[in-house]
Amino acid sequence: MIEGIMKILEKKKFRVLAVLTGITLLSIACSGNDDETDTSIVSVSGSTNIGLIDDKRILQAESEPGNWLAHGRTYEEQRFSPLKQINKESISDLGLVWSKDMGTNRALEATPIVVDGIMFFTSTWSRVYAVDALTGETIWTFDPKVPGEWARKACCDIVNRGVAVYNGKVFSASLDGRLFSLNAETGEVVWEVDTIIDRTRAYTITGAPRVAKGKVYIGNGGAEYGVRGYVTAYDAETGEQAWRFYTVPGNPDLGFEDPAMEMAAETWKGTDWWEFGGGGTVWNSIVYDPDFNNIYLGVGNGSPWTREIRSPGGGDNLFLASIVALDADTGTYKWHYQTTPEDNWDYTAVQDMALADMNIDGEMKKVLLQAPKNGFFYVIDRTDGKVLRAHPFAAVTWATHVDLETGRPVENPEVDYSDSGAWVLPGPLGAHNWQAMSIDLDAGLAYIPTQENPFFYAIQEDYKKTGVYKRNPGGWNMGIEMSSLAQNILNNLESQPKPGGFLKAFDPLTGETKWSVPIPHYWNGGVLATAGGLVFQGDALGMFSAYDKETGDRLWEFNTYTSMLAPPISFEVDGEQYVSILTGSGGGDLFGGEPLPPIEIQASLTYNNFGRLLVFKLGGDKTLPIPNVRDNTIPEQKLLNASVEEIRNGESNYNQYCAVCHGFVVKSAGGIPDLRKMSAGVHDAFNQIVLEGLLASNGMASFSDVLTEQEVENIHHYVKARAHEDREVALGNMEAPQYTWFGVEED
């Protein structure tokens, strides 16, 4: 580790200080007071040589275009690189210069920070890496040692989207809700703080912290499990809590934390929304605005998804699916804009936000740009939160348009699913998810990884029959009919909108799509545009491509043999430009699993989900090994004499507890084991794994709190029944699988 640092410092002619040793922990006990901070302090400080990024340096990022100093490169988070050595004329010479095996087959989603020749980034299980940007040599690593069973509390994989680097420290958050300050030179812990307010609820953190004004800002996830969202600001030097802002109100009988919560409570109905948690987690986008000293929060969906259950009697349910502006110093509410009032579809507003100065109707405006899940691209005045433009950028059926006078969407009554189910676009993955877009102000365009993936929404059958909804602390709380989802889809297959993915060049002011590149799978990677006239993106089929930003023509491609979600970045060292990307898919679409036609099979399922960091430059000549095609043979199943009722019960519980990781209709997406292919030994240990947590350290925690032994046996029956029919189809003994046991009569 020290040798690697020495090499970097010698190149930059920095002086080397001795590494601090002898770490002594001093724990400050949590008092239970929300304003107190449970902080572990160590006798290690930040580096005086490495990671010397501060507000001034980020504000002047254009003066050092070779570094990638913040999550979106600058505080504006436009993710546009001014580098142009790699351009339309030279792109044919781009090649791999080095790759790093990350030792995982799960999704990698991080945006690296690159400063002075060092890359800082995260991998699965919230592990942090510092590597030499020229060679990939590891300088140091940090493992927060997240308990394996915490994976069960994560809706969308054991992912992490990156770090912040500030004043000689690297800030990272762990899946189990801790925030760390690390010495940028050594990776040693400077301080650690527990950010979670209630560990009886399933909070997680997968997002990258943001830093500004001497503070670290971090949110959390867990809305599907029934948590109450909030964002906390911590002192970057000490880890002491500076302020906390809740995004949804708690129990009114206990009072309100601030006037904003009192205002928000007026938009909620019913008597116990706080028992459901409310949701509203800020699990991705937090943006600092130096022009107004604001922090913008991208707020997520409600808990449950369905408004009829969440807030009977109506109400907008602030601040769900909203952009909220706070004072960066105090956390005081300034304004908000709600993209989806009365959210009913999991239409989060956590997607990337970018800041810009744009000429709108003949007047320069300081605006915020966002393309959230709901399919409309918003241009919002940063002075007061007024929406200036709201054009659809993808197929949208839930609403006809956004009324700019009221700022509200006009819902389409034809796809109201409150009485009977309906196909709706976008589905819960959204028209655009967390995968980064890129803003090109000179061209007036946003380059957006767009998806059209419909979902069949229906109110949960048990609730429709009884009028009673009980929060399930051990599973997802959506209020959506999941038990018989396969039957609902098959019964309505002819009316299903066609799914697909696109890379679009979109004008947010006019609503015009300048060009659109179809991609045969909807779940693709983030985007980087550059001054070299290029747009880079990795896709589900494993191709890392460069497109002409004027026309959308593909000018270059590299087969990574692995599906990608992470955004590319570009940096420069010693006068040479590099482009890098992390490979490995999964995340929010583990549920989707192996797709059905017409969607093409993703590379991570064709080969494997190889987690790697890839770095390219002009003249690079390295290659990746060509992997073997995955063996998709399903073993012969030992079927027991299970009744249709037992298999149907297994299907119901599988959809509730298992499908989110192992895939819909027991078809894995590639990163998680495919249960149809279980070995005889795993079949024998099935109950031990599910009920006793035999594989808890790997992320497969016990489900004994929500499932009985008979229910687990029924899940096992369902898995084997699905495996059997897919095997029979593959052998030519059956024309097509039936997929579901709902609506099937006993023989």
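Here, every reference points to the structure presented above.
What counts and how
Position numbers for residues count from 1 along each chain, tracking the sequence in the order it is written. Whole-chain, interface and lining totals are the exception, using all residues; otherwise, since this is a predicted model, local features are given only for residues with pLDDT of at least 70 and side-chain atom pairs are given and counted only at 80 or more. Only heavy atoms go into the side-chain values, all of them from the structure, while hydrogens and water stay out. In this scheme Phe, Tyr and Trp rings, the latter by its six-membered ring, pair at centre separations within 6.5 Å, and the angle between planes marks the pair as stacked below 30 degrees, edge-to-face above 60, and tilted otherwise. A simple rule labels every residue: compare its accessible area, found with a 1.4 Å probe on the protein chains alone, to the largest value its type can have, and call it buried under 20%, exposed over 50%, or partly exposed in between. Two limits define a charge over a ring: the Lys NZ or Arg CZ must be within 6 Å of the ring centre, and within 35 degrees of the ring normal. We count a salt bridge whenever a side-chain nitrogen from Lys or Arg sits within 4 Å of a carboxyl oxygen from Asp or Glu. A run of DSSP states H or I qualifies as a helix once it reaches four residues; a run of E qualifies as a strand once it reaches two. Both are numbered from the N-terminal end. The term disulfide is used for any two cysteine sulfur atoms that are within 2.5 Å. One requirement defines pairing of two strands: DSSP has to find at least two bridges between them. Grouping buried Ala, Val, Leu, Ile, Met, Phe, Trp, Tyr and Cys residues that are joined through side-chain atoms within 4.5 Å yields what is termed a nonpolar core. Working rule for contacts: check all heavy atoms of both residues, and any pair within 4.5 Å makes them a contact. By this rule the span expected of a helix is its residue count minus one, scaled by 1.5 Å. Across the chain, bend at a residue is computed as the angle between axes fitted to the seven residues ending at that point and the seven starting from it.

**Student:** In this structure, what is going on with the packing of aromatic side chains? I would like to understand it.
**Tutor:** Centre distance and the angle of the planes are the two values used to describe a pair of aromatic rings. Going through the model one piece at a time under the given rule, you end up with 38 aromatic pairs. Where tryptophan 268 meets tryptophan 273, the ring centres are 5.7 Å apart and the plane angle is 35°; that geometry is what we call tilted. Judged by relative accessible area, which is 4%, tryptophan 268 ranks as buried. Members of the aromatic cluster, connected to one another through ring pairs, are Phe536, Phe544, Trp556, Phe558 and Phe616. Positioned above the aromatic ring of tryptophan 150 is the side chain of lysine 153, whose terminal nitrogen or guanidinium carbon lies 3.6 Å from the ring centre. Between the NZ or CZ atom of arginine 161 and the centre of the ring of tryptophan 434, over which it lies, the distance is 5.6 Å.

**Student:** What is the right way to look at the pattern of salt bridges in this model?
**Tutor:** Here the idea is simple: oppositely charged side chains can pair when their charged atoms come close. For the structure on display, the rule yields 40 salt bridges. A salt bridge links arginine 408 to glutamate 342; its shortest N-O distance comes to 4.0 Å. Within this pair, whereas arginine 408 is found in strand S28 (residues 408-411), its partner glutamate 342 is found in the loop between strand S22 (333-338) and strand S23 (353-360), the two being separated by 66 residues in sequence. Several salt bridges converge on common partners, so that one network encompasses Glu594, Lys667, Asp674, Arg676, Arg722, Glu725 and Asp726.

**Student:** For this particular structure, what's the right way to read unusual backbone geometry?
**Tutor:** What you tend to see is this: most non-glycine residues have negative phi, and most peptide bonds are trans. A cis amide bond links leucine 318 to the next residue, phenylalanine 319, at an omega of 5°. Mapped onto the elements, phenylalanine 319 comes out in the loop between helix H5 (307-310) and strand S21 (322-327). Backbone torsion omega between proline 597 and proline 598 reads 15°, so that peptide bond is classified as cis. Residue position: proline 598 is located in the loop between strand S40 (576-583) and helix H8 (603-606). Despite not being glycine, arginine 79 shows a phi value in the positive range, around 55°. Relative to the helices and strands, arginine 79 resides in the loop between helix H2 (55-59) and strand S3 (80-81). Phi is positive for valine 666, close to 60°, though the residue is something other than glycine. Along the chain, valine 666 falls in the loop between helix H9 (644-662) and helix H10 (680-684).

**Student:** So what exactly am I meant to see when it comes to the state of the cysteines here?
**Tutor:** A covalent bond bridging the sulfur atoms of two cysteines is what the word disulfide describes. With the rule as written, the count across this model stands at one disulfide. Cysteine cysteine 658 remains unbridged, with the sulfur of cysteine 661 as its closest cysteine sulfur at 8.9 Å. Exposure remark for cysteine 658: the relative accessible area of 16% places this residue in the buried category.

**Student:** How should the pairing of strand S41 (residues 612-618) be read in this particular structure?
**Tutor:** Look at any regular strand and the pattern is simple: side chains alternate between the two faces of the sheet. In terms of residue burial, S41 counts as a mostly covered element, since six of its seven residues are buried. Strand direction decides the pairing type here: strand S4 (residues 94-101) and S41, joined by seven bridges, are antiparallel. Residue serine 99 lies in a different strand from S41, and its bridge partner there is leucine 614. Alignment of S40 against S41, held across six bridges, turns out to be antiparallel. Bridging from a neighbouring strand, leucine 582 pairs with leucine 613 of S41.

**Student:** Honestly, the nonpolar core in this entry has me stumped. Any pointers?
**Tutor:** What tends to happen in soluble globular proteins is that the nonpolar side chains get buried as a cluster. Grouped together as the largest cluster of nonpolar side chains are 68 residues, with contacts concentrated most on Tyr296, Tyr378, Tyr457, Ile480 and Tyr654. In this view, tyrosine 457 contacts Trp305, Asn344, Trp345, Tyr347, Tyr417, Gly421, Ala422, Val424, Pro426, Gly427, Pro428 and Ile480; residues no more than four positions away in its chain are not counted. Core analysis: the second largest hydrophobic core is formed by 48 residues, Ile139, Trp140, Ile286 and Leu297 among them.

**Student:** Help me understand the pairing of strand S11 (residues 178-183) in this model?
**Tutor:** Extensive coverage of S11 is indicated by the burial of six of its six residues. Alternating positions in S11 separate into two faces, Arg178, Phe180 and Leu182 on one and Leu179, Ser181 and Asn183 on the other, with burial throughout. Pairing analysis gives five bridges linking strand S10 (residues 169-173) to S11, with the strands arranged antiparallel. Bridge pairing in S11 links lysine 169 to asparagine 183. If you look at the hairpin formed by S10 and S11, you'll find four residues sitting between the two strands, and glycine 177 has a positive phi there, around 95°.

**Student:** Can you walk me through the environment of valine 424 in this structure?
**Tutor:** By the secondary structure assignment, valine 424 is in strand S29 (residues 422-424). Separated by 28 residues in the primary sequence, valine 424 and valine 396 place their C-alpha atoms 8.0 Å from one another. Valine 424 has contacts with Trp345, Tyr347, Thr397, Trp398, Val415, Pro454, Phe455 and Tyr457, leaving out every residue within four places of it along the chain.

**Student:** Hey, could you run me through H9 in this one?
**Tutor:** Each full turn of the α-helix corresponds to 3.6 residues, which orients residues three or four apart in the same direction. The first and last C-alpha atoms of H9 sit only 22 Å apart over 19 residues, clearly below the 27 Å expected at 1.5 Å per residue. At asparagine 655, H9 is bent by approximately 55°, the largest bend along its length. After H9 finishes, the residue glycine 663 shows a positive phi value of roughly 100°.

**Student:** I keep staring at helix H12 (residues 709-730) and nothing clicks. Help me out?
**Tutor:** When the terminal C-alpha atoms of H12 are compared, their 32 Å separation across 22 residues agrees well with the 32 Å that a helix rising 1.5 Å per residue should span. Immediately beyond the C-terminal end of H12, within one or two residues, lies glycine 732, with a positive phi of roughly 85°.

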